[in-house]
Amino acid sequence: MYVQIDLDGPAGSLRVSGHDLPTVELVRAPGTRPDTHTPIGTRKAALLALTVGGRPAVIRPARARLLRRSYRVDVRVDGVRYRLVPCSHMDSRLTRDGKALGTLESAGDGRVDADWDPAATLTPLDHAVGTALAAAFGTGAAPWWETLGDIVAELIP
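A brief look at the structure comes next. Just so you know, these numbers come straight off a predicted model, no measurement behind them. (Residues numbered from 1 in each chain as written. Predicted model: local features only at pLDDT ≥ 70, side-chain atom pairs only at ≥ 80, totals over all residues. Heavy atoms only, no water.)

All right, on to the pairing of strand 3 (residues 24-28) then. Burial of strand 3 is one-sided: the residues V24, L26 and R28 facing one way are buried, the residues E25 and V27 facing the other way are not. Counted along the chain from strand 2 (residues 13-17) to the antiparallel partner strand 3, the turn is six residues long, and its residue D20 has a positive phi close to 65°. The sheet contact formed by strand 3 and strand 4 (residues 48-52) spans five bridges and is antiparallel. Its bridge partner lying in strand 4, V24 is registered against V52. (Buried < 20%, exposed > 50% of the residue type's maximum accessible area, 1.4 Å probe, protein only. Helix = DSSP H or I, 4+ residues; strand = E, 2+ residues; numbered from the N terminus. Pairing = 2+ DSSP bridges.)

In structure tokens, the structure reads:
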């Protein structure tokens, strides 16, 4: 399935579209400074506006701290719950209402590679939302013990 990803991190805009896909748009509040760790420029829900197929949707990115789970992003679209959460250094798992749909990989450069679960019944909405989340927030995270080790190493002169 063809997916067009238009990401402008400094401006804080993302548009995902494609043949038979609902258009997903994520916009950071105008005039806000982008952070350097998130492709869309923020993980603060209050600074983000998400629309899917032209209708507002709810997005709740977690704070991205020590645990991989803290890098999750939750979205609710018309009563459907999506979650993107890191499952390795490079990949994040996408779920719909708690059921795994596949893994996605994005370095935050506007490209997304997806490995969809052949047993899952995917919809165009799944493709569009999953791709948008991976492009906007990147994928993957280090395990907590590795992150903690990096912090301790920085503190030792």
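On we go from here.
Scanning the entire structure with this criterion turns up seven salt bridges. Of the charged contacts, one joins D74 and R72 as a salt bridge, the two residues approaching to 3.7 Å between their closest N and O atoms. On the accessibility criterion, R72 (22% relative accessible area) is partly exposed. Its salt-bridge partner being D109, residue R111 comes within 2.8 Å of it at the nearest N-O pair. Owing to a relative accessible area of 60%, R111 belongs among the exposed residues under this scheme. By relative accessible area, which is 41% here, D109 ends up partly exposed. Each of R72, D74 and R83 takes part in one network of salt bridges that share partners. (Salt bridge = Lys/Arg side-chain N within 4 Å of Asp/Glu carboxyl O.)

So, about the side chain of T95. Relative to the helices and strands, T95 is located in strand 8 (residues 91-96). With a relative accessible area of 15%, T95 lands in the buried category. Ignoring anything within four residues of it in the chain, the contact list for T95 reads R81, Y82, R83, A100 and L101. (Contact = heavy atoms within 4.5 Å.)

An α-helical segment advances 3.6 residues per turn. Residues three or four places apart therefore align on the same side. Taking 1.5 Å of rise per residue, 14 residues should cover 20 Å, and helix 1 (residues 124-137) covers 20 Å from first to last C-alpha, within 8% of that figure. Along helix 1, the residues that are buried comprise D126, H127, A128, V129, G130, T131, A132, L133, A134, A135, A136 and F137. The positive-phi residue at the C-terminal boundary of helix 1 is G138, with phi of around 75°. (Expected span 1.5 Å × (residues − 1).)

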